[in-house]
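Geometric and topological summary
One-letter residues, chain by chain:
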Amino acid sequence: MTHAETVALARYVKACCPQQAIDEYTPDAWHDLLGDLTLADARAAAGEVARRQPFVAPAEIRAEVRRIRAERLDRAILDAPPAELTDNPGRYKAALDARISQIADGYNLLPAIDWKEPAG
Amino acid sequence: MARIRSVKPEFWDDRKLAKRASRDARLLYIALWNLADEWARLNGDPQWIKGKLFAYDDDLDTTAIGKLLEELENPALGCVVAYEVDGDPYLFLPKLGGHQRLEPEKVPSRLPEPPAWANGPRNPEPPPAAPTPPNGLSESRADSSESRADEVAHRSDEPESHADKSALLYVAGSMEHVAGGRGARGRAGATPASAPAEIPDDWKPSDALLRWANATYPGLDLHFEAEQFCRHYRATGDRRKSWPDQWQKWIADSHKRSATPARASPPAADRRQQATDAQFDRAMQRAIARDEAT
């Protein structure tokens, strides 16, 4: 999440929680606390927290993001990395981590039907 | 409808009343306060009064009640003024306002007003100022009471006074029956004319006041201002000692309002929103600068 995205997140939280005290330096602090998250996750988490309570803290956003990602991973079926990587543990682990991150980020789009290139 | 009334301790110090009215008459006078409405009017039928006030006194008949009323109608006392409307007797207690806090503006009277006053001018001329004693406070209360009572007696013979509510207030609110009344607690030598009164129904700024307003604060719609002035004070029922002075203040205030341009002040919610937007704008500019730096 960039600094500008953190400002957008803080603005979103301010809109969700009008009573929450947020000033122009709040995004700076939030970036230090939430900068490693994606805006999409943080925003979804903030919205989820704001749905339950009138104020949203960065720690709650982090916890909610963790829960959301874990839930995505629980729902997803983790495919094994390609077989040719089994002899290369480093690349195998990297591929596995990438796949986990992809699922946790919500990019686990599976085709609804098996699609094949039309012949000819 | 009978009303709760209170008797001031000064009532019993009223030497003039004690000398000229019998004990029963004074008791009747106090009892009449209970029967009088907020306009100091009541049914004047002795039979009705007897039934209301002395129902258990066999020694008092309507004739005796009539005699007691005659005592109170003594012009030197001016306690009770009897009048008839369409053959029905009524009583008016001119000095009731000196004993009680009347609020005639809240309750219209169901009884007809005294006809002799209805034909008079609507704004009574204030009585001549009572002579101020040299030391201001040395005059005895009983003496001042007598002088006021004499004024009342004199005024009760004048048919050209007191027509409307303001006139009634003027009479009832400023002419004390006894020493130690409302005026006696005020500053010494104060004239009844200085008592705050509601705006008369037919009050309007005089030509001199209009000329003054036109010369001092040109550009005002004086016709509109006069209508607003009268409507405002009739609606609120505020009392003032001097309506011309109040008019001048009204005009000055109107001029000040018209001279000061109305600032388009946004509502508080809008101001808060603008402040929030400005904060995030600044934060966003700083964040973009940091993002570009990295």
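Scroll up a little and you will see the structure.
Residues numbered from 1 in each chain as written. Chains lettered and ligands numbered in written order. Predicted model: local features only at pLDDT ≥ 70, side-chain atom pairs only at ≥ 80, totals over all residues. Heavy atoms only, no water.

A look at the overall build of chain B
Tallying secondary structure elements over chain B gives 13 helices and 5 strands in all. Looking at chain B as a whole, 40% of its 294 residues qualify as buried. In chain B, the share of contacts with a sequence separation of at least 24, taken over all contacts with a separation of at least 6, comes to 72%. (Helix = DSSP H or I, 4+ residues; strand = E, 2+ residues; numbered from the N terminus. Buried < 20%, exposed > 50% of the residue type's maximum accessible area, 1.4 Å probe, protein only. Contact = heavy atoms within 4.5 Å.)

Focus: the overall build of chain A
The number of helices and strands found in chain A is 5 helices and 0 strands. Written out in order from the N terminus, the α and β elements of chain A read α-α-α-α-α. Across the 120 residues that make up chain A, the buried fraction comes to 34%. Sequence separation of 24 or more characterises 58% of the internal contacts of chain A that already satisfy a separation of 6 or more. For chain A, the computed accessible surface area is about 7,700 Å², with 56% contributed by carbon and sulfur atoms. (Areas by Shrake-Rupley, 256 points an atom, 1.4 Å probe, with all protein chains shown as cover.)

Examining helix α3 (residues 39-52) of chain A
Residue and element names in this part refer to chain A. Relative to the 20 Å expected for 14 residues at 1.5 Å per residue, α3 spans 20 Å between its end C-alpha atoms, a close match to the ideal helical length. Among the residues of α3, those classed as buried are D41, A42, A45, A46, G47, V49 and A50. Where α3 is buried, its residues touch α1 (3-16), α4 (58-75) and α5 (89-104). (Expected span 1.5 Å × (residues − 1).)

Brief notes about the environment of C79 of chain B
Among the structural elements, C79 of chain B can be located in the loop between α4 (62-72) and β2 (81-85). Sequence separation between C79 of chain B and P94 of chain B is 15 residues, and the spatial gap between their C-alpha atoms is 6.4 Å.

With respect to unusual backbone geometry
Residues and elements named next belong to chain B. For A40, which is not glycine, the phi dihedral falls at a positive 65 degrees. Within the secondary structure, A40 is located in the loop between α2 (23-35) and β1 (41-43). Judged by its relative accessible area of 0%, A40 is buried. Not every positive phi belongs to a glycine, and D86 is a case in point at roughly 55 degrees. Looking at the element boundaries, D86 is found in the loop between β2 and β3 (88-92). Overall, D86 belongs to the exposed group, its relative accessible area being 77%.

Quick look at the nonpolar core
Where a protein is soluble and globular, its nonpolar side chains tend to be buried together. In terms of nonpolar packing, the biggest core is built from 32 residues, with L28, Y29, L32, L72, V80 and L93 of chain B touching the most fellow members. Those elements giving two or more residues to this core turn out to be α2, α4, β2 and β3 of chain B. Per element, the largest residue contribution to this core is 7 residues, and it comes from α2 of chain B. Apart from the residues within four sequence positions on either side, L28 of chain B is in contact with I49, L53, F54, I65, L68, L69 and L72 of chain B. Counting 22 residues, the second-largest nonpolar core is a separate cluster that includes V13, V56 and I68 of chain A together with A283 of chain B. (Core = buried A, V, L, I, M, F, W, Y, C linked by side-chain atoms within 4.5 Å.)

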